[in-house]
Amino acid sequence: MTMTAQAGVSKNASPFVYGPEEAAVLEALRSGQYNHSGITDDFETRIAEFLEAPETVAVASGTAALHIALLAAGVGPGHEVIVPSFTFCATVQAVLAAGARPRFIEVNPRTLCIESRDVLDALTPHTRAVLPVLYGGRAVDLTDAQPALAERRISVVEDAAHAFGSYQGPCRVGATGALTCFSFGPIKNLTCGLGGMLVPRTPHEADICRRLRGLGIVEPPARRAKTTTYTVDGFGLRAQMSSLNAAIGVAQLAHFSETEAKRRALWRTYAAALQDVPGLALVDVDVDRSVPHLCAVRVLRGRDRVFHTLRERGIGVGTHYPPNHLQPAFAQWHRPLPATEQVGREIMTLPFHQHLTEADVARVADELRRALASETVR
Ligand SMILES: *Cc1c(COP(=O)(O)O)cnc(C)c1O
């Protein structure tokens, strides 16, 4: 076992840079323009072309993308947003940032994604938006709920932080007509260091999102330098994407076909190695259509012991995520969610990043099988 292989399996996640990112950041640094700049515009255009979406709005983080998307969808005080409890806490914080209340719902334990039936059951007169999370990179199909949502003018805001590059039917996620939010944080499928991207539904919504990200200022950055004043026409955040981050994203996007291939191959290797392992259920990510972000399993007995055994063996397992309806911050919106609570006790994510080799995956699968075998004889 080489040192790099050891370092590989000890990490649950890790950014992967291809090389050209370094020169791109240096060039941006030397340009002297660190706010939203021409490089950020270029990144927006390239992402829109890649997704085959009409336009995109770059922002400082995935959380900012969600916050701005909810505001653009008209979500505010007095409104409820239907959201899975089983997600990163950022999803829920974005709902609070918009001034609304989370209405937590269950996920399907097989996919860890929400389903139309549970969305329809959770509708109230206060519901203003539904916030599906594309867990692990898997697209969420809410077609069956669409008529009821459209009739009540309820927006769907997709948390696609895990799902950059994934497909829904023939389109990439982000090109399906939904209001979609991506994260380009350190360990996401594509990284800018930190960053996020919104895909608005209409040109009007794109305008609203651009003003919200840029302190409510109407004039685009390039035009502002040529006038003696500027117009602030409403509330706005400082949530632009720096050119330094955009430069990293441009360089990463040029290698995305390698990212896709590697992530699919790693996930498939895990799936083959973990077939028919007693006491284990692999969370299905729909790998043919997704660019997997995680490899998650449910450990049906003794998850905590298995987790610690693997950690002691140097395997960087994780738990994505502890359910949010059980978090102190969100206690006032708690409702019983037995399936989610069960999944919260079973979930374990395996090391999943592009530094891993096939041999690393084989070793993780091996250690996992061994740890589970000692559970079944307990
Ligand atoms: C990473 C992530 C976010 C937040 O994105 P940031 O870029 O870290 O702000 C939101 N939701 C989910 C599911 C995430 O994994």
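Residues numbered from 1 in each chain as written. Predicted model: local features only at pLDDT ≥ 70, side-chain atom pairs only at ≥ 80, totals over all residues. Heavy atoms only, no water.

Per an unreviewed UniProt entry, the recorded name for the protein chain is DegT/DnrJ/EryC1/StrS family aminotransferase, and the organism is Streptomyces thermolineatus. As its UniProt record puts it under Cofactor (unreviewed entry), the protein chain is described as follows: "pyridoxal 5'-phosphate". Regarding the protein chain, the relevant UniProt record gives this comment under Sequence similarities (unreviewed entry): "Belongs to the DegT/DnrJ/EryC1 family. L-glutamine:2-deoxy-scyllo-inosose/scyllo-inosose aminotransferase subfamily." (UniProt positions renumbered as here; feature names shortened; annotations may be inferred.)

Once that is clear, we can look at the site of the ligand. Inspection of the region around the ligand gives 15 residues, with G62, T63, D159, S183 and K188 positioned closest. Measuring from an oxygen atom of the ligand, one finds a backbone N or O atom of G62 at 2.8 Å. Here an oxygen atom of the ligand sits 3.2 Å away from a polar atom, N or O, in the side chain of K188. Considered on its own, the ligand offers 380 Å² of accessible surface; in the complex 90% of this is hidden by protein. Mapped onto the shell around the ligand, the elements with two or more residues apiece are α4 (62–72) and α5 (89–97). Looking at the shell around the ligand residue by residue, the classes come out as five nonpolar, eight polar and two charged. (Near = heavy atom within 4 Å. Polar contact = N/O pair within 3.5 Å; in protein donor to acceptor, adjacent residues only side chain to side chain. Areas by Shrake-Rupley, 256 points an atom, 1.4 Å probe, with all protein chains shown as cover. Helix = DSSP H or I, 4+ residues; strand = E, 2+ residues; numbered from the N terminus. Nonpolar A, V, L, I, M, F, W, Y, C, P; charged D, E, K, R; others polar.)

The domains assigned to the protein chain are domain 1 (20–253) and domain 2 (256–376). The interface is formed by 36 residues belonging to domain 1 together with 34 residues belonging to domain 2. Together domain 1 and domain 2 conceal approximately 3,100 Å² of surface at their shared face, both sides included; 57% is due to carbon and sulfur atoms. On inspection of domain 1 and its partner domain 2, the count reaches three salt bridges. Those elements that provide at least two residues to the side of domain 1 that touches domain 2 are α5, β3 (101–105) and α10 (243–253). Top element by residues in the side of domain 1 that touches domain 2 is β3. It accounts for five residues. Looking at the side of domain 1 that touches domain 2, its residues break down into 18 nonpolar, 11 polar and seven charged. (Domains from an automatic or database assignment. Contact = heavy atoms within 4.5 Å. Buried area = accessible area lost by both parts, 1.4 Å probe. Salt bridge = Lys/Arg side-chain N within 4 Å of Asp/Glu carboxyl O.)

On to the sheet that holds strand β10 (residues 280–282). Pairing within the open sheet is antiparallel, and its three strands lie in the order β10-β11-β12. Sheet topology places β10 and β12 (347–350) at the edges, where each strand pairs with a single neighbour. When the angles between neighbouring strand axes are averaged without regard to direction, this sheet yields 30 degrees. Pairing geometry for strand β11 (residues 295–299) and β12, over four bridges, is antiparallel. By the bridge assignment, V297 is partnered in β12 with M348. The sheet strands contacting helix α13 (residues 338–346) are β11 and β12, and the helix crosses β12 at an angle near 45 degrees. (Pairing = 2+ DSSP bridges. Axes fitted to C-alpha atoms, helices over the stretch in contact; angles between N-to-C directions.)

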